[in-house]
Amino acid sequence: GGGVDFAGNSLWPATIVESLASENFQLGDRRYWRKATILADCVTQLCAPNANGGVVTGRALVDDEFLKSVGASDDDLARYRCDPAFEPPRLLAG
């Protein structure tokens, strides 16, 4: 048959993501976390290839880097902070 429209990527958080798991396992101070909506917004961008300049496939993506690659600024990323006054260090992305 014809071609199949399929894309495959891995998406990783740069910081600990706010969740019941991070709370239950006490993964540090909440100010070091970002809200889970950062991952949801990445997936939304990945599922809308016309919005981000084309299909992204076969890549290992880090949430904040990917959002910046599709036009987000540091100010835009601030809304994902669990503590609005503190920029969490990128503990999970080298």
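Remember, predicted model here, so these are calculated numbers, not experimental data.

**Brief notes about the pattern of salt bridges**
Here is step 1 of the chain: Applying the stated criterion to the full structure yields nine salt bridges.
Here is step 2 of the chain: A salt bridge links glutamate 87 to arginine 34, with the shortest nitrogen-to-oxygen separation between them at 3.0 Å. Here glutamate 87, found in the segment after helix H4 (74-77), pairs with arginine 34, found in strand E3 (residues 33-34); they are 53 residues apart in sequence, far enough to count as distant.
Here is step 3 of the chain: Between aspartate 41 and arginine 79 there is a salt bridge whose closest N-O contact spans 3.1 Å. With aspartate 41 in helix H2 (residues 37-46) and arginine 79 in the segment after H4, this pair connects stretches of sequence that are 38 residues apart.

**Considerations on the nonpolar core**
Here is step 1 of the chain: Ile38, Cys42, Val56, Leu61, Phe66, Leu67, Leu77 and Tyr80 form the largest nonpolar core, which has eight residues in total.
Here is step 2 of the chain: Within the residue set of this core, elements represented by two or more residues are H2 and helix H3 (63-69).
Here is step 3 of the chain: In this structure, cysteine 42 is in contact with Leu11, Asp63, Phe66 and Leu67, ignoring residues within four places of it in sequence.

**Here we look at the side chain of threonine 15**
Here is step 1 of the chain: Along the polypeptide, threonine 15 turns up in the loop between strand E1 (10-12) and strand E2 (16-17).
Here is step 2 of the chain: According to the relative accessible area criterion, threonine 15 is buried, its value standing at 0%.
Here is step 3 of the chain: Not counting chain neighbours up to four residues away, the residues in contact with threonine 15 comprise Tyr32, Trp33, Arg34, Pro88, Pro89, Arg90 and Leu92.

**What about the packing of aromatic side chains?**
Here is step 1 of the chain: On inspection of all chains with the given rule, the structure shows one aromatic pair.
Here is step 2 of the chain: Ring centres of tyrosine 32 and phenylalanine 86 lie 5.3 Å apart, and the angle between their planes is 80°; on these two criteria the pair is classed as edge-to-face. Separated by 54 residues along the polypeptide, tyrosine 32 in the loop between helix H1 (20-24) and E3 and phenylalanine 86 in the segment after H4 bring together distant segments of the chain.
Here is step 3 of the chain: The partly exposed category is assigned to tyrosine 32, whose relative accessible area is 27%.

**Here we look at the environment of valine 43**
Here is step 1 of the chain: Position of valine 43 among the secondary structure elements: in helix H2.
Here is step 2 of the chain: Overall, the relative accessible area of 40% leaves valine 43 in the partly exposed class.
Here is step 3 of the chain: Sequence-wise, valine 43 and aspartate 63 are 20 residues apart; in three dimensions their C-alpha atoms are separated by 9.3 Å.

Calculation criteria
- Residues numbered from 1 in each chain as written.
- Predicted model: local features only at pLDDT ≥ 70, side-chain atom pairs only at ≥ 80, totals over all residues.
- Heavy atoms only, no water.
- Salt bridge = Lys/Arg side-chain N within 4 Å of Asp/Glu carboxyl O.
- Helix = DSSP H or I, 4+ residues; strand = E, 2+ residues; numbered from the N terminus.
- Core = buried A, V, L, I, M, F, W, Y, C linked by side-chain atoms within 4.5 Å.
- Buried < 20%, exposed > 50% of the residue type's maximum accessible area, 1.4 Å probe, protein only.
- Contact = heavy atoms within 4.5 Å.
- Phe/Tyr/Trp six-rings, centres within 6.5 Å; stacked < 30°, edge-to-face > 60°.

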